[in-house]
Amino acid sequence: MLILGIESSCDETAASIVRMVKGQRLEVLSEVISSQVDLHKAYGGVVPELAAREHLHNLPRVVSVAEERAGISIESIDLISYTRGPGLKGCLLMGDRFAKALAITNGKSLQGVNHVEAHLLSPMIDNQELRFPFLGLVVSGGHTELYIVRGLGCYELVARTIDDAAGEAFDKSANLLGMEYPGGAKLALLADSIGSSRYKLPAVMTERPEFSFSGLKTAISLMIKREGEYGDRAELAYSIQEAIVSAIIRKVAFATERYGIKEIAISGGVSANRRLREELANIKGVNLFCARSLLCTDNATMIAFLGGLYEQQGDDNGCSAQFDRLKMEVRARWPIIQLN
Ligand code: KG4
Ligand code: ZN
């Protein structure tokens, strides 16, 4: 089955063409990502209206580059899989209308899939040995969620953040250190340049199962203010990274004990963090599965993969005909424990 994946939920317009054969490793034929980071930098975050307009320009372009690189044109595609939600409504609408127009004009099957679910299953793309059930941790700029993944479409929420996402904690701290948005990876790089720090941050939310970063954010902001221009930036970055990582590790370690599941699959932008990977792999008895770095951040390969899994299973997302799929609207909020 040849699948065209389309992603447009936030500030990346992406298209991938993949070949999916049951029981075989996914073959990625092309993977195109057009990032809007430069456009939003000046505002310190994503501006929804600008992002939507940019998707409108970029969608036809990324799809035609994906076709060119794969040497495959739309006529040969069997399925178009796109992000139906969650995300910024205007951005989702651009991808939704574009995917539907392509499907109608070329008479193709359509799957509208969940972006967080796509992240959650993305470590399966390159790790064929990963089997259900596993603990799935999604850590990105918008999400910090831990699930027991029992099967396709069967997810049990273990913990989610009650305030900020882990990526936001990284980005806001990086901003306080004077780094450009999104500064998470830059902060991590600076932190990794040294091996210790004289600055200490408190352990947060130790007695509850949920994730929370707002108390830590206040402590970080106070620490940076206190140290001012005399503080050592690398040491500050080091303490911040250690504090965010250990806030995540505590909850995951607790869940591995509580549910007796030692397979952990991590996804989302923050899952690229070296220290997070190191510390997760250090949890007793854990078998850690990661996605390759391009698949950690937003991409269309994971969207194509998930749409393909549903199509293979013969699942029509609760719709009886292609006609109904065309009527499905985007969902800016869409928890994956109630998928339909
Ligand atoms: O998954 P993603 O591309 O977008 C969302 O769906 O949110 O994740 C982006 C987030 C940003 O907050 C970025 O700063 C963070 O992932 N990030 C990192 C690293 N690389 C990306 N955070 C910490 N360490 C990294 N190496
Ligand atoms: Zn994402």
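Attention here is on the structure that accompanies the text. (Residues numbered from 1 in each chain as written. Chains lettered and ligands numbered in written order. Predicted model: local features only at pLDDT ≥ 70, side-chain atom pairs only at ≥ 80, totals over all residues. Heavy atoms only, no water.)

Some words on the pairing of strand E6 (residues 134-139)
For step 1, the next point in the chain: E6 sits mainly inside the fold: six of its six residues count as buried.
For step 2, the next point in the chain: Residues Phe134, Gly136 and Val138 of E6 are buried on one face, and the alternating residues Leu135, Leu137 and Val139, pointing to the opposite face, are buried as well.
For step 3, the next point in the chain: Taking the residues that link successive antiparallel strands as the turn, the E6-strand E7 (residues 144-151) hairpin has four residues. (Buried < 20%, exposed > 50% of the residue type's maximum accessible area, 1.4 Å probe, protein only. Helix = DSSP H or I, 4+ residues; strand = E, 2+ residues; numbered from the N terminus. Pairing = 2+ DSSP bridges.)

Points about the sheet that holds strand E4 (residues 79-85)
For step 1, the next point in the chain: The sheet built from five strands is open, its strands ordered E3-E2-E1-E4-E5 with mixed pairing. One side of each edge strand has no neighbouring strand; the edge strands of this open sheet are strand E3 (27-35) and strand E5 (109-114). Across this sheet, the average inter-strand angle for adjacent strands is 20°, counted without regard to direction.
For step 2, the next point in the chain: As paired strands, strand E1 (residues 2-7) and strand E2 (residues 12-19) are joined by six bridges and run antiparallel to one another. Pairing of glutamate 7 across the sheet is with alanine 14, part of E2. (Axes fitted to C-alpha atoms, helices over the stretch in contact; angles between N-to-C directions.)

Looking at helix H3 (residues 89-106)
For step 1, the next point in the chain: Helix length check: H3 (18 residues) gives 26 Å between terminal C-alpha atoms against 26 Å at 1.5 Å per residue, within 8%.
For step 2, the next point in the chain: For H3, every residue scored as buried is listed here: Cys91, Leu92, Gly95, Asp96, Phe98, Ala99, Lys100, Leu102 and Ala103.
For step 3, the next point in the chain: Of the residues trailing H3, glycine 107 is marked for its positive phi of about 60°. (Expected span 1.5 Å × (residues − 1).)

Things to note about the pattern of salt bridges
For step 1, the next point in the chain: On inspection of all chains with the given rule, the structure shows 23 salt bridges.
For step 2, the next point in the chain: Lysine 172 is paired through a salt bridge with aspartate 164; the nearest N and O atoms lie 3.5 Å apart.
For step 3, the next point in the chain: When its relative accessible area of 33% is taken as the criterion, lysine 172 is described as partly exposed.
For step 4, the next point in the chain: Residue classification places aspartate 164 among the buried positions, given a relative accessible area of 9%.
For step 5, the next point in the chain: Its salt-bridge partner being arginine 274, residue aspartate 192 comes within 3.1 Å of it at the nearest N-O pair. Of this pair, aspartate 192 sits in the loop between helix H7 (184-191) and helix H8 (214-227) while arginine 274 is found in helix H10 (residues 274-281), placing the two residues 82 residues apart along the sequence.
For step 6, the next point in the chain: Under the relative-accessibility criterion, aspartate 192 is labelled partly exposed at 29%.
For step 7, the next point in the chain: Judged by relative accessible area, which is 42%, arginine 274 ranks as partly exposed.
For step 8, the next point in the chain: Among the ionic contacts, a cluster of salt bridges with common partners joins Asp192, Glu242, Arg274, Arg275, Glu278 and Glu279. (Salt bridge = Lys/Arg side-chain N within 4 Å of Asp/Glu carboxyl O.)

Side note on unusual backbone geometry
For step 1, the next point in the chain: The peptide bond linking phenylalanine 132 to proline 133 adopts the cis configuration, its omega dihedral lying at -5°.
For step 2, the next point in the chain: Summarising the element assignment, proline 133 is placed in the loop between helix H5 (123-126) and E6.
For step 3, the next point in the chain: Backbone torsion omega between tyrosine 181 and proline 182 reads -10°, so that peptide bond is classified as cis.
For step 4, the next point in the chain: Here proline 182 lies in the loop between helix H6 (166-176) and H7.

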